[in-house]
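So the chains spell out like this:
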Amino acid sequence: QLARIQTDSVVEMLRELYPNLRFEIAVAMSTTGDKILDTALSKIGEKSLFTKELENALERNEVDLVVHSLKDLPTSLPPGFTIGAVCKRENPLDAVVFHPKNCGKTLSILPEKSVIGTSSLRRAAQLKKKFPQLEFRDIRGNLNTRLKKLDEKEDFSAIILAAAGLKRMGWENRIGQLLSPEDCLYAVGQGALAVEVRAKDQEILNMVSVLHDADTVLRCIAERAFMKRLEGGCSVPVAVNTMLKDGQLYLTGAVYSLDGSDSLKETMQTSVQYPQQNEDGPNDDVQHVGITAKNVPGQAQEAAENLGVELASLLLSKGAKDILSVARQLNDAS
């Protein structure tokens, strides 16, 4: 349902921009990630869990564009594909949805040993450290399924979900607590929608590129570059927070051990104030961590990518690789 709502919202924007074009939504497809519901996401070990089947349809020209949550897209896309648009980001923060009996509470005042559901190692690692009195357990399924599990059973006192998904579903009233970046840094690309297209399809690329939101593009390029340099994925806890203010892009990035006891966190900034140049010619199709954004100054994109790489390199120089490889091994072993 959420995937459909996200796709509809992008198509709606395109219909307004191109009233003469006809947009058809292909029959909803289910992906590997949708089908394997009895295993933690971090254990499946498949990089393109929610994207592969959709990319196959793109490759066979059955569809011309695919709408994803950007956080589901790997930092390296298969050859021949690119992210042709990154739409304006919804609130990227994580939200706590409480069991009806805990309505009005916050995580800090839940009874000891209360069980919190999350499918994300990133959320669990940060919150275990912050709330050691709580227990964190895996919960899978789409938003509807997870909310049903929360409401109809007594297994969980609360679950953690992305605020953006709840808002798009019209379930904002279920948000009991928004987790600030001090409580919980968010996932790379969280809250942003990406439109994936064939890299060589100039017509489609030009058409969707008007959906790019420059601020979101620069923030997400920095975040994705950080993740890529760390070789992170959903099997390790990597988290970020970005902000663009007065032409300065700020990136906070962190890595965690599975229990949150070991962590590294740093913040860096760079200027992204560059004029838009007419970059006709071969530079047209330059991708930055899988994103092609012709209408965002190339130098600004480069600066954002470098920021992500430099911050990751700084964390690696301080021992991030050890934290992540132990996290990976423990996750695989368990």
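Higher on the page you've got the structure.
By convention here, each chain's residues receive numbers from 1 onward along its written sequence. It should be noted that, the model being predicted, local features are given only for residues of pLDDT at least 70 and side-chain atom pairs only at 80 or more, the latter also being counted only at that level, while totals for whole chains, interfaces and linings use all residues. The side-chain values count all of the structure's non-hydrogen atoms but skip hydrogen atoms and water molecules.

A. Local environment of the overall build of the protein chain. Secondary structure assignment for the protein chain yields 11 helices and 11 strands. Within the protein chain, the fraction of its 334 residues that count as buried is 51%. Residue contacts are counted whenever heavy atoms from the two residues lie within 4.5 Å of one another. A separation of at least 24 residues holds for 71% of the contacts in the protein chain among residues at least 6 apart in sequence. Values of accessible area rely on a 1.4 Å probe in the Shrake-Rupley scheme; residue burial ignores everything except the protein chains shown. Of the roughly 15,700 Å² of accessible surface on the protein chain, 48% is carried by carbon and sulfur atoms. Per the convention used, a helix needs a DSSP run of H or I reaching at least four residues, while a strand needs a run of E reaching at least two, with both numbered from the N terminus. Each residue is assigned to one of three classes by its accessible area relative to the maximum for its type, calculated with a 1.4 Å probe on protein chains only: buried under 20%, partly exposed between the two thresholds, exposed over 50%.

B. Representation of the sheet that holds strand E9 (residues 238-245). For two strands to pair, DSSP has to find at least two bridges joining them. Strand order in the open sheet formed by three strands is E9-E10-E11, and the pairing between neighbours is antiparallel. At either margin of the open sheet sits one strand with a lone partner, and together these are E9 and strand E11 (263-271). Across the sheet, the mean angle separating the axes of adjacent strands is 15 degrees when strand polarity is ignored. Bridge count between strand E10 (residues 248-256) and E11: nine bridges; the pairing is antiparallel. By the bridge assignment, Gly253 is partnered in E11 with Glu266. In the packing of helix H9 (residues 214-230) onto the sheet, contacts are made with E9 and E10, and the angle to E9 comes to roughly 150 degrees. Lines are fitted to the C-alpha atoms to define the axes, a helix being fitted only along its stretch in contact, and any angle between axes, read from their N-to-C directions, falls within 0 to 180 degrees.

C. Highlighting the side chain of Asp183. With respect to the secondary-structure elements, Asp183 resides in the loop between strand E7 (177-179) and strand E8 (193-198). Given a relative accessible area of 15%, Asp183 falls into the buried group. Pairs of N or O atoms within 3.5 Å make up the polar contacts considered here, provided that, within protein, one atom can donate a hydrogen while the other can accept it, and that residues adjacent in sequence are counted only when both atoms are side-chain atoms. A polar side-chain atom of Asp183 sits 3.3 Å from a polar atom in the side chain of Lys130. The residues touching Asp183, leaving out its near neighbours within four places in the chain, are Gln126, Leu127 and Lys130.

D. Spatial organisation of the pairing of strand E1 (residues 66-69). Burial along E1 is two-sided: Val66 and His68 and Val67 and Ser69, pointing in opposite directions, are all buried. Where E1 lies against E8, four bridges are found, and the strand directions are antiparallel. Bridge pairing in E8 places His68 opposite Ala194.

E. Summary view of the nonpolar core. Leu70, Ile83, Phe226, Leu230, Val238 and Val255 are the most contacted members of the largest nonpolar core, which totals 44 residues. For this core, the secondary-structure elements that each account for two or more residues are strand E2 (81-86), H9, E9, E10, helix H10 (298-317) and helix H11 (320-333). The element contributing the most residues to this core is H9, with nine residues. Beyond its immediate chain neighbours, meaning those up to four positions away, Leu230 contacts Val238, Val255, Ala312, Leu316, Ala320 and Leu324. Grouping buried Ala, Val, Leu, Ile, Met, Phe, Trp, Tyr and Cys residues that are joined through side-chain atoms within 4.5 Å yields what is termed a nonpolar core. Residues Leu14, Ala85, Leu193 and Val195 belong to the second largest nonpolar core, which totals 16 residues.

F. Structural detail: helix H4 (residues 52-59). Buried within H4 we find Leu54, Glu55, Ala57 and Leu58. Down the axis of H4, the buried set is contained in an arc of 155 degrees. They therefore lie on one face. In this structure, the buried side of H4 is in contact with E1, E2 and E8. As used here, the arc belongs to the directions running from the helix axis to the C-beta atoms.

G. Highlighting the sheet that holds strand E5 (residues 135-137). The sheet built from five strands is open, its strands ordered E5-E4-E6-E3-E7 with mixed pairing. Of all the strands in the sheet, the pair left with one neighbour each is E5 and E7. On average, each strand axis in the sheet is inclined to that of its neighbour by 30 degrees, with strand direction left out of account. The sheet strands contacting helix H5 (residues 121-130) are strand E3 (94-98), E5, strand E6 (158-162) and E7, and the helix crosses E6 at an angle near 125 degrees. In the packing of helix H6 (residues 143-152) onto the sheet, the strands contacted are E3 and E6, and the crossing angle to E6 comes to about 165 degrees.

H. Main features of the pattern of salt bridges. By definition here, a salt bridge exists when the distance from a side-chain nitrogen of Lys or Arg to a carboxyl oxygen of Asp or Glu is within 4 Å. In total, this model carries 15 salt bridges according to the counting rule given. In this structure, Asp183 engages Lys130 in a salt bridge whose closest nitrogen and oxygen atoms are separated by 3.3 Å. In this pair, Asp183 sits in the loop between E7 and E8 while Lys130 sits in helix H5, placing the two residues 53 residues apart along the sequence. On the accessibility criterion, Lys130 (41% relative accessible area) is partly exposed. The structure contains a network of salt bridges with shared partners spanning Asp64, Arg198 and Asp201.

I. Spotlight on unusual backbone geometry. The phi torsion at Asn61 lies on the positive side, around 60 degrees, for a residue other than glycine. Within the fold, Asn61 resides in the loop between H4 and E1. A relative accessible area of 52% places Asn61 in the exposed class.

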